[in-house]
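An overview of the molecular structure
Now for the letters of each chain:
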Amino acid sequence: MASLWEYANPKKFIQTTDRLLPWFSVLAALTLVIGLIWGFFFTPDDFRQGSTVKIIYLHVPSALMAINAWLMMLVASLIWIVRRHHVSALAARAAAPIGAVMTVIALATGAIWGEPMWGTWWAWDPRLTSFLILFLFYLGYIALWAAIENDDTAADLTSVLCLVGSVFALLSRYAVNFWNQGLHQGASLSLDKEKNVADVFYHPLLFCIAGFVLLFIALVFLRTQTEIRARRMRALLARERLG
Amino acid sequence: MKALLLRDIRLAVRAGGGFGLGLAFFLIVVVLVPFGVGPDSELLAVIAPGILWLGALLSCLLSLDRIFALDWEDGSLDLLATAPLPMEGLVSLKAMAHWLTTGVPLVLASPLFALLLSLPVEGYLPLVISLALGTPALSVIGTFGAALTVGLKRGGLLLSLLVLPLYVPTLIFGAEVARRGAEGLDTGVPLAMLAGITFGAMALLPFASAAVLRVNLR
Amino acid sequence: MMPDLGKYADAVLSSYAVSIALIVALVVVSVMRARKVRAQLDEVEKRSRRNG
C-alpha cells in the first residue's frame, strides 16, 4: 500500500489528476445529464406527491454529498494530522466550499419541496435543523481557513476544528432529534430494499447520485490542484521578498 | 496552579477585565426582550427559560476573547507554555477561571432575571441547576474557540462563528431542562444529557484546546 | 416534449433552476480560479527561474 502515499507528493498528485480530471469531468457531466433528463422527463408522477417527486433527483444526492463532503474533510484532516501530507490538508480545504454549496442546494430544494407538501417553506424539523447547523459548521471552517495566513498553521487549526466539529455536529444531530419530532420522512435510500423508493424513481436517482459523486471528485481534484499551486506561489513569493 | 487561577481571577475582576460586563449584558438582554415581544407576562413566562439560556450563552460569548488575549499580548502566554504545567492543565485552568468569573455570577443572578421575565415559581430550581451544570461546558468549549483564534487580530467575530455552532447541543439540553421545569414536567433525561455533554467536554476538549494553542504559539 | 407538471410546476422548475444555477456557479468559480492561479504561478515561476 506504500504506493497510495505517492500521491501525497504534490507534483505527482497534479500529474495524476491532470490525466484523470477530463475523464471524471466528462463522466460526471454525462451521468448527471442522463440522470436528470431521465428523472425530469421520463418518470411518472407520484400518486401522493404529484410532480414534486422529481425534486428528489436533486435533493437526495445533494444532501448525501453535503454529509459525505464533511466526512471526506474529516478523513483528510486526520491524514494531515497523522502523516502531515500537504495535499491532504489542501484537499480538505478544497472540499469545504463544495460541501457548503451542496448543503445550500439540499436546503433550498427541501424548502421548495416542503412548501407544497407540508404547507411551509421551513419547519424546525430535526433533519432540516441539522442541515442548517452543518451549514454553519462549513461557514466556520471556511472562515478559519481564510483568516489565517500561515498555511501550515491554518491546516493544523482547521483539522482540529473539523475533528471537534464532527463530534459536535453528531451531538447536535441527536440533540435536535430529542428537541423536536419531525415532519421529514425517513431515509429514502437504505440497503434494506423493501424500504426503498419505487424502482421507477430509484434507477434515475442512482444515476444522479453517481453524477453528484463524480462531480464532487472532479471538483475536488481541480480545486486541490488550485490550492497546491496557490500554496507554491505563496512560497515562491515569500522567497522573492526575502532574497 | 492555584496561583495561576487566582491571578486570572484577579485580572478579570480588576479594571477592564470585563467581570461585570457579562452580567450587565445579560441584564440588558432580559430588559430588551419585553420591548421586542410585548409586556404580556403570560407570553414572557413561556419564553423565559429560552431567553434566559440565550442571554447566559451570549454574555458568556462576550468575554471569551479575553481568555488568552491579555496573556498573548504581553507575551506571558509563551512563558506559561514553557512552564512545567502541561498545556492541557493550563487551558483547563483558563476555562475554570472563565467559568468562575462569568458562569458563576450568571447562575447566581439568573433567579433575579427570571423574576423580571415572570418565570413560574417551579421553574427557578431547574433553571439554576441547568445553568450551573451547563455553563462549565460553555466555558470549556469557548476556551477551545479562544485558543483557535488567539493569534488573530480581529478574531472576535470569527470566534463567535466558530463557537456558536458548538454551543447548540448544550443550549438545546439546557433550555429543555429549564423549559420542562417551568412546565412542571420531568427533567431527568435532558439533565442527564446536559451533564454528559458538560463532563465529556471537560474531559476531552482541553486536549484539543492545548493542541491548537501549541500550534498557535509555534 | 415538456412533461405535464401539473400544479406543482413552479416548485419543480424553480428547484431545478436553483440547483443547476448553484452547481454551474460552483464549477465556473472553481475553473476560473484554477486558471487564474495557474497563470499567476507560471509567471512567478518564470521570474524566479530567471533570477536564479
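Just so it is clear, the structure is predicted and the values come from calculations on it, not from any experiment.

Parameters and conventions
Residues numbered from 1 in each chain as written. Chains lettered and ligands numbered in written order. Predicted model: local features only at pLDDT ≥ 70, side-chain atom pairs only at ≥ 80, totals over all residues. Helix = DSSP H or I, 4+ residues; strand = E, 2+ residues; numbered from the N terminus. Rg over C-alpha atoms; globule rule 2.2 N^0.38 Å. Buried ≥ 20, exposed ≤ 12 C-beta atoms within 10 Å, placed from the backbone. Contact = placed C-beta atoms within 7 Å. Nonpolar A, V, L, I, M, F, W, Y, C, P; charged D, E, K, R; others polar. pLDDT = per-residue confidence, 0-100. Expected span 1.5 Å × (residues − 1). Bend = angle between axes of the 7 residues up to and from the residue. Core = buried A, V, L, I, M, F, W, Y, C linked by C-beta atoms within 7 Å.

Our next topic: the overall build of chain B. For chain B, the count of helices and strands is 10 helices and 0 strands. Secondary structure of chain B in N-to-C order comes out as α-α-α-α-α-α-α-α-α-α. The globule rule puts the C-alpha radius of gyration for 218 residues at 17 Å, and the 18 Å found for chain B is close to it. By principal-axis analysis of the C-alpha atoms, chain B measures approximately 55 × 35 × 30 Å. Within chain B, buried positions represent 51% of all 218 residues. Of the contacts made within chain B by residues no fewer than 6 positions apart, 82% connect residues no fewer than 24 positions apart.

A few words now on the interface of chain B and chain A. Interface size is commonly expressed as the accessible surface area that is lost when the partners come together. At the interface, 19 residues of chain B touch 20 residues of chain A. Of all the secondary-structure elements, those providing two or more residues to the side of chain B that touches chain A are α7 (124–148), α8 (156–166), α9 (168–182) and α10 (188–217) of chain B. With 6 residues, the top contributor of residues to the side of chain B that touches chain A is α10 of chain B. The residue makeup of the side of chain B that touches chain A, split by class, is 17 nonpolar, 1 polar and 1 charged.

It is worth spelling out the interface of chain A and chain C at this point. Facing the 31 residues of chain A at the interface are 25 residues of chain C. When contributions to the side of chain A that touches chain C are tallied by element, the ones reaching two or more residues are α1 (10–41), α2 (56–83), α3 (86–118) and α6 (199–242) of chain A. Its residues placed into classes, the side of chain A that touches chain C shows 18 nonpolar, 7 polar and 6 charged.

A residue-level look at chain B finds 96% of positions with pLDDT of 70 or above and a mean pLDDT of 86. Looking at the elements of chain B, mean pLDDT is at its lowest for helix α1 (residues 2–13) of chain B, recorded as 73, and at its highest for α7 of chain B, recorded as 92.

End to end, α10 of chain B covers 43 Å across 30 residues, agreeing with the expected 44 Å (1.5 Å per residue, within 8%). Of all bends in α10 of chain B, the biggest is about 40°, found at Leu204 of chain B, and the proline Pro206 of chain B comes one to four residues later.

Moving on, we come to the arrangement of the chains. In this assembly 2 pairs of chains touch, with chains A and C having more contacts than any other pair. Separating chain B from chain C is a minimum C-alpha gap of 23 Å, and the two share no contact.

Attention shifts here to the nonpolar core. One finds Ala69, Ala95 and Leu144 of chain A together with Leu52, Ile141 and Val212 of chain B to be the most contacted residues of the largest nonpolar core, which totals 147 residues. At 17 residues, the largest contribution of residues to this core is made by α3 of chain A. Every residue in contact with Val212 of chain B, bar those within four places of it in the chain, is listed here: Leu157 and Val160 of chain A together with Phe144, Ala147 and Leu148 of chain B.

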